[in-house]
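Now for the letters of each chain:
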Amino acid sequence: MNAGTAVGAELTLDGLTKNFRAVAAVSDVSLRLAPGSFTALLGPSGCGKSTLLALIAGLLAPDGGRVLLDSHSQRAVAAERRPVGLVFQKPLLFPHLSVEANVAFGLRMRRARRSEIRTRVHEMLERVQLTPLATRRVGQLSGGQEQRVALARALVLAPRLLLLDEPFSQLDATLRSQMRRLVRELTREAGVTTLFVTHDQAEALEVADDIALMLHGHLAGHAPAEVFYRRPPSLAAARFFEAINEIPGVVAAGCFRTPAGFQTPTAQPDGAGVLVIRPEAIQLVGRAGPDTVTGRACSARFAGTHLVVEVDVGSGHPLTAHLPVGSPVEVGGLLTVRLPSAACTVLASSR
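Everything numeric here is computed off the predicted structure, so don't read it as measured data.

Observations concerning the pairing of strand β8 (residues 193-198)
Counted residue by residue, β8 has 6 buried out of 6 residues, so it is predominantly covered. Neither face of β8 is exposed, since Thr193, Leu195 and Val197 on one face and Thr194, Phe196 and Thr198 on the opposite face are all buried. When strand β3 (residues 38-42) meets β8, the two strands line up parallel, connected through 5 bridges. Across the sheet, Leu41 pairs through a bridge with Val197, a residue of β8. Between strand β7 (residues 161-165) and its parallel partner β8, the chain crosses via helix α5 (residues 173-190), and the hand of that crossover is right-handed.

Notes on the state of the cysteines
According to the stated counting rule, one finds 0 disulfides in the structure shown. Cys344 provides the cysteine sulfur closest to Cys255, a residue in no disulfide bond, and the two sulfurs are 11 Å apart. According to the relative accessible area criterion, Cys255 is buried, its value standing at 10%.

Remarks on the pattern of salt bridges
Side chains carrying opposite charge are able to pair once their charged atoms draw close together. Summed over the entire model, instances satisfying the criterion amount to 14 salt bridges. Put simply, Arg120 and Glu116 hold a salt bridge, and the shortest N to O gap is 2.6 Å. Of this pair, Arg120 and Glu116 both sit in helix α3 (residues 114-127), 4 residues apart, which is roughly one turn of that helix. Here Arg180 and Glu203 are joined by a salt bridge, their closest N and O atoms 2.8 Å apart. Separated by 23 residues along the polypeptide, Arg180 in helix α5 and Glu203 in helix α6 (residues 201-207) bring together distant segments of the chain. According to the relative accessible area criterion, Arg180 is buried, its value standing at 9%. Taken together, the shared-partner salt bridges connect Arg127, Glu185 and Glu189 into one network.

A word on the sheet that holds strand β5 (residues 72-73)
Read from one edge of the open sheet, 4 strands run β2-β1-β4-β5, paired in antiparallel fashion. Either end of the sheet is taken by a strand with one partner, and the two such strands are β2 (23-33) and β5. Where strand β4 (residues 64-69) meets β5, 2 bridges bridge the pair, whose relative direction is antiparallel. When the bridges of β5 are listed, Leu68 appears paired with Ser73. Helix α1 (residues 49-57) rests against β1 (11-20), β2 and β4 of the sheet, and its axis sits at about 120 degrees to β1.

Topic: the pairing of strand β11 (residues 245-252)
Residues of β11 alternate between two faces, with Asn245, Ile247, Gly249 and Val251 buried on one and Glu246, Pro248, Val250 and Ala252 left unburied on the opposite face. By the bridge criterion, 7 bridges tie β11 to strand β14 (residues 271-277) in an arrangement that is antiparallel. Bridging across to β14, Pro248 finds its partner in Val274. Bridge count between β11 and strand β12 (residues 255-257): 3 bridges; the pairing is antiparallel. Bridging from a neighbouring strand, Val251 pairs with Phe256 of β12. Joining the antiparallel neighbours β11 and β12 is a turn of 2 residues, in which Ala253 adopts a positive phi near 55 degrees.

Each value, and the rule that gives it
Residues numbered from 1 in each chain as written. Predicted model: local features only at pLDDT ≥ 70, side-chain atom pairs only at ≥ 80, totals over all residues. Heavy atoms only, no water. Buried < 20%, exposed > 50% of the residue type's maximum accessible area, 1.4 Å probe, protein only. Helix = DSSP H or I, 4+ residues; strand = E, 2+ residues; numbered from the N terminus. Pairing = 2+ DSSP bridges. Right-handed = clockwise from strand over helix to strand, strands pointing away. Disulfide = S-S within 2.5 Å. Salt bridge = Lys/Arg side-chain N within 4 Å of Asp/Glu carboxyl O. Contact = heavy atoms within 4.5 Å. Axes fitted to C-alpha atoms, helices over the stretch in contact; angles between N-to-C directions.

What follows is the structure in structure tokens.
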């Protein structure tokens, strides 16, 4: 993208709050996104993600807190004057206009020169692979093509911040993956700061550099995607990613211990705790050691790239381990598995 290339803005949310009657849709959210970063705003339906986007875009006024772009408050800046691009779940295109005219619409509203409009629209249609469809009405497009038009319409304005509100949720799995790759490519090339709303954990991990998790209107954590996945900041965050093992125990003097005798160092304060570990981090070993537990194999099933094995280690819930295909596992037999300390995260118990 040469003409109109964006430079990403630093986005800062400072105690942002929005209430609808007695319901706090967004409660005291503070967050900073670095210029040019790509962040997934992840959370279940109804947790406040779309409301937060509307506050950032200026479509809603906050009841408290501030939205800042490059340290400048946006309180007095109207939505249409903010350097923000929006792509919604539904494309919201003009059905009476062609693909080309839809993409050019915002530039025309800004009274850009005709030559500039032609150049930038042509370039953008090339980038989203819609040049052969430039003169087609949007009613003749597929769902994926419509979303590409919506994306092109947002990016052609060279926004400094791009907000995407579950834009691919209505597409099939293959098309969603293609569109995610396209969004990553275009936003990285443009240097635009991007906030991508999704309720899909796998999508967040695939598309984002960082993840901001919202639960019940609150920000439950913000970290690089890999850190969030492997070392969740809270038990609620760990449970949202599912497929996580939980082993209850007690923290005392910098050590977490389970009733079965397993122990690992931790910085958690003394009291009830929960060790969480991903299934793929658990290793099958031949002998017991200081970082192992022994239990009985409850079940084993083939899952293509690995075996899913349930191991009863006396914690009240069987451990789920993803072991290499061909591992010597006999249902009903004893297994010794290693829980590497580097893969273990001890969190405060929510109970």
